[in-house]
Amino acid sequence: MHFLRILLALAAIFVLTGCLAPSTERGIALSPDQALTTIYLSQSGPSTEGISFSLDGLALLSEGGWVDLGTGPVNVDSRPHRASQRALGLASLPPGDYRKIRFYLSRLKIGKSAIPPSEDQKLFELTLPEPIKLEATDSQCLFLDWHLAADESGGPTAPVFKAWGQGQTLGGDLLFASCDRIGTIYVIRSDINEVVASFGIPGPLGEIAVASDMRRLHVLSTGERSIFTFDALNRHLIDRITLSRTMEPRHLVLSEDARYAFVSDAATGQVLKVELASGHVSQQVRIGHRPERIAYAPGSPARIAVVAPRSQQVFILDAHSLRTRGIVPVGMNPASALFFAGDLYVAEQASQTVSIYEEGSGRQLASIDVGFQPDYLFSLSDRKALVSNSGGQSLSVLVPDQATSFRTIRAGSNPTTLAKSETRQLLYVANRSKKQITVIDLASEQIEQQIELGGMPFSLAVLD
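Residues numbered from 1 in each chain as written. Predicted model: local features only at pLDDT ≥ 70, side-chain atom pairs only at ≥ 80, totals over all residues. Heavy atoms only, no water.

Draft legend 1. Highlighting the overall build of the chain. For the chain, the helix and strand inventory stands at two helices and 38 strands. Taking all 464 residues of the chain together, 55% fall into the buried category. Considering only contacts within the chain whose residues lie at least 6 apart along the sequence, 50% involve residues at least 24 apart. Summed over its atoms, the accessible surface of the chain is roughly 20,300 Å², and 48% of this surface lies on carbon and sulfur atoms. (Helix = DSSP H or I, 4+ residues; strand = E, 2+ residues; numbered from the N terminus. Buried < 20%, exposed > 50% of the residue type's maximum accessible area, 1.4 Å probe, protein only. Contact = heavy atoms within 4.5 Å. Areas by Shrake-Rupley, 256 points an atom, 1.4 Å probe, with all protein chains shown as cover.)

The structure is reproduced here in structure tokens:
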């Protein structure tokens, strides 16, 4: 039976990697000479009437003429689509200043009344309040909003549109989502859970982390082999730290005081400790075979756990010196590790379990059956941890001294990485295959909404 479960897990991995390829990202030619724009549609104002229509032919005007956004026809229906904001698509554009947007509206239906065919295919052309200035490798958002206008008698007539580009971020509670394949960081206001901006970094991108006390966002770029540091509120680039001896740095975690970043480089088998203030690599060691995700544990001494899936090991290193404190043999295809309740928890995908190991001896204490393809371990508190089941639609709840997961939480399709807003008591779940983030209220453990993105989210970080 155990062997059969392993075969089923491997088969599912093959199916998922083959069937969940990103259609939008495949259709975009990512070029260093181009810029990206994500188009969002929202509805403002109350409407008692059900309304549906189709948008097509979206284009932006620059000095060189109209540039088609290539998003294809989009059907809008106010009744089933409850999200306040919808991603219409991702477009690749030449650099320039874009001043107008145009599109065709067709198949308009208000209530039970459809617009006659002779009046269909209406062209809208809107001037933006401020031009969208796009540079090469940039990534910005364009926002389109509509509301239902009324005639003199108060009856509904037709939708009215307005459009604008992104501006300065307002408010201090933010969620950042890294979409690795399109080199884009999306900025989301956690009070309204809507995308308010995006910016581009040459990628592919790795993990991101926020130092809330200093309002710093640290972004690891695998393609540039660098850590980019931004002011988290105004997106101003503060520093770039080049990791010159690496080849594929992809995973990153901060120390408790956010003075140091720990980075793993699978291609060279290295783990680096980077002093963020000076940009100096203070320690650098080679471990195992293709180290990946890193977990940090404060304390005396502080430690990091580095997962090496190919060699089925977790390396426990001293966070000060990077000296190896222990090597824990684990099960097949370990995805992540977590220091929790005094032990080491490891998500093992082949057996669909989370195993608990004694940190000092490496002895396995228990094995907890969870969902399909357990992926990302995350601590909500000292009494509750979660693991995302990336092959399904749930999170499994883990409790200390309990070798069984009795509860699951719905989390959207194929959940992967997690982040938490302490201020708002919200959990954010990256649904990579769906290009969205699921928002879960922690008090009720119910889904509040989904946030749509232009690419597949790889890493999340919260600024409270």
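On we go from here.
Draft legend 2. Seen up close, the packing of aromatic side chains. The full count for this structure, using the stated rule, is ten aromatic pairs. On the basis of an interplanar angle of 25° and a centroid distance of 5.9 Å, the ring pair of Phe143 and Trp164 is categorised as stacked. Of this pair, Phe143 sits in strand E9 (residues 139-150) while Trp164 is found in strand E10 (residues 156-165), placing the two residues 21 residues apart along the sequence. Centroid distance Phe340 to Tyr345: 5.2 Å. Interplanar angle 80°. Geometry classified as edge-to-face. Take Phe340: its relative accessible area is 3%, and that puts it in the buried class. Members of the aromatic cluster, each reached through a chain of ring pairs, are Phe53, Phe103, Phe124, Trp146 and Phe161. Above the plane of the ring of Phe458 lies Arg250, whose end atom (NZ or CZ) is 3.9 Å from the centre. A cation over an aromatic ring shows up here: Lys273 above the ring of Tyr260, its NZ or CZ 4.3 Å from the ring centre. (Phe/Tyr/Trp six-rings, centres within 6.5 Å; stacked < 30°, edge-to-face > 60°. Lys NZ or Arg CZ within 6 Å of the ring centre and 35° of its normal.)

Draft legend 3. Quick look at the sheet that holds strand E29 (residues 364-369). Spatially, four strands are ordered E26-E27-E28-E29 in an open sheet, and the strand pairing comes out antiparallel. Both edges of this open sheet fall to strand E26 (334-340) and E29, since each of them pairs with a single strand only. Between one strand axis and the next, the sheet turns through 20° on average, direction left out of account. In terms of strand pairing, E26 meets strand E27 (residues 343-348) through six bridges, oriented antiparallel. Each residue of the ladder has a partner; that of Ser336, found in E27, is Ala347. (Pairing = 2+ DSSP bridges. Axes fitted to C-alpha atoms, helices over the stretch in contact; angles between N-to-C directions.)

Draft legend 4. Seen up close, the confidence of the model for the chain. Of the residues in the chain, 88% reach a pLDDT of 70 or more, and the chain-wide mean stands at 89. Predicted confidence for residues 1-24 stays below pLDDT 50, and this span has 30 contacts to residues more than four positions away or in other chains. (pLDDT = per-residue confidence, 0-100.)

Draft legend 5. Geometry of the sheet that holds strand E11 (residues 174-179). Strand order across the open sheet formed by four strands is E13-E12-E11-E38, with antiparallel pairing between neighbours. Pairing within the sheet leaves two strands with one partner each, and these edge strands are strand E13 (194-200) and strand E38 (457-463). Across the sheet, the mean angle from the axis of one strand to that of its neighbour is 20°, orientation sign disregarded.

Draft legend 6. Inspection of the environment of Val387 at higher detail. Looking at the secondary structure, you find Val387 in strand E31 (residues 384-389). You can call Val387 buried: its relative accessible area is 0%. Considered as a pair, Val387 and Pro415 are 28 residues apart in the sequence and their alpha carbons are 9.4 Å apart.

Draft legend 7. View of the pattern of salt bridges. With the rule as written, the count across this model stands at 15 salt bridges. A salt bridge links Asp97 to Lys133; its shortest N-O distance comes to 3.2 Å. Here Asp97 is found in strand E6 (residues 96-110), whereas its partner Lys133 is found in strand E8 (residues 122-134), with 36 residues between them in sequence. Its salt-bridge partner being Arg215, residue Asp231 comes within 3.6 Å of it at the nearest N-O pair. On the criterion of sequence distance, the pair formed by Asp231 in strand E16 (residues 226-231) and Arg215 in the loop between strand E14 (205-211) and strand E15 (216-221) is long-range, its members being 16 residues apart. Assessed through its relative accessible area of 39%, Arg215 is described here as partly exposed. Among the charged side chains, a network of salt bridges with common partners joins Asp180, Arg250 and Arg432. (Salt bridge = Lys/Arg side-chain N within 4 Å of Asp/Glu carboxyl O.)

Draft legend 8. Inspection of the environment of Glu194 at higher detail. Along the chain, Glu194 falls in strand E13. The spatial distance from the C-alpha of Glu194 to the C-alpha of Leu175 is 9.6 Å, given a sequence separation of 19 residues. Excluding residues within four positions of it along the chain, Glu194 makes contact with Ser84, Gln85, Val187, Ile188 and Arg189. Among the polar contacts made by the side chain of Glu194, one reaches the side chain of Ser84 at a distance of 2.7 Å. (Polar contact = N/O pair within 3.5 Å; in protein donor to acceptor, adjacent residues only side chain to side chain.)

Draft legend 9. Structural detail: unusual backbone geometry. Along the chain, Gly203 connects to Pro204 via a cis peptide bond; the corresponding omega equals 5°. Secondary-structure assignment places Pro204 in the loop between E13 and E14. Residue Pro301 follows Ser300 across a cis peptide bond; omega there is 5°. Positionally, Pro301 belongs in the loop between strand E22 (294-297) and strand E23 (303-308). Not every positive phi belongs to a glycine, and Thr137 is a case in point at roughly 70°. Turning to its location among the elements, Thr137 is positioned in the loop between E8 and E9. A positive phi angle is found at Glu445, which is not glycine, with a value near 60°.

Draft legend 10. Quick peek at the environment of Glu256. With respect to the helices and strands, the residue Glu256 is situated in the loop between strand E18 (249-254) and strand E19 (260-265). With near-sequence residues (within four places) excluded, Glu256 lies in contact with Tyr296 and Pro298.

Draft legend 11. Quick peek at the side chain of Thr353. The topology assignment puts Thr353 in strand E28 (residues 353-357). Among the polar contacts made by the side chain of Thr353, one reaches the side chain of Ser351 at a distance of 2.6 Å. Discounting residues that sit within four places of it in the chain, Thr353 has contacts with Val346, Ala347, Glu348, Ser367, Ile368, Asp369, Val370 and Pro374.

Draft legend 12. Molecular detail of the nonpolar core. Formed by 32 residues in total, the largest nonpolar core has its most connected members in Phe53, Leu55, Leu58, Ile101, Phe103, Leu144 and Phe161. Counting only elements with at least two residues in this core, the list comes to strand E1 (35-43), strand E2 (51-62), strand E4 (74-77), strand E5 (85-93), E6, E8, E9 and E10. With six residues, the single largest contributor to this core is E6. In this structure, Leu175, Cys179, Val195 and Leu460 belong to the second largest nonpolar core, which totals 23 residues. (Core = buried A, V, L, I, M, F, W, Y, C linked by side-chain atoms within 4.5 Å.)

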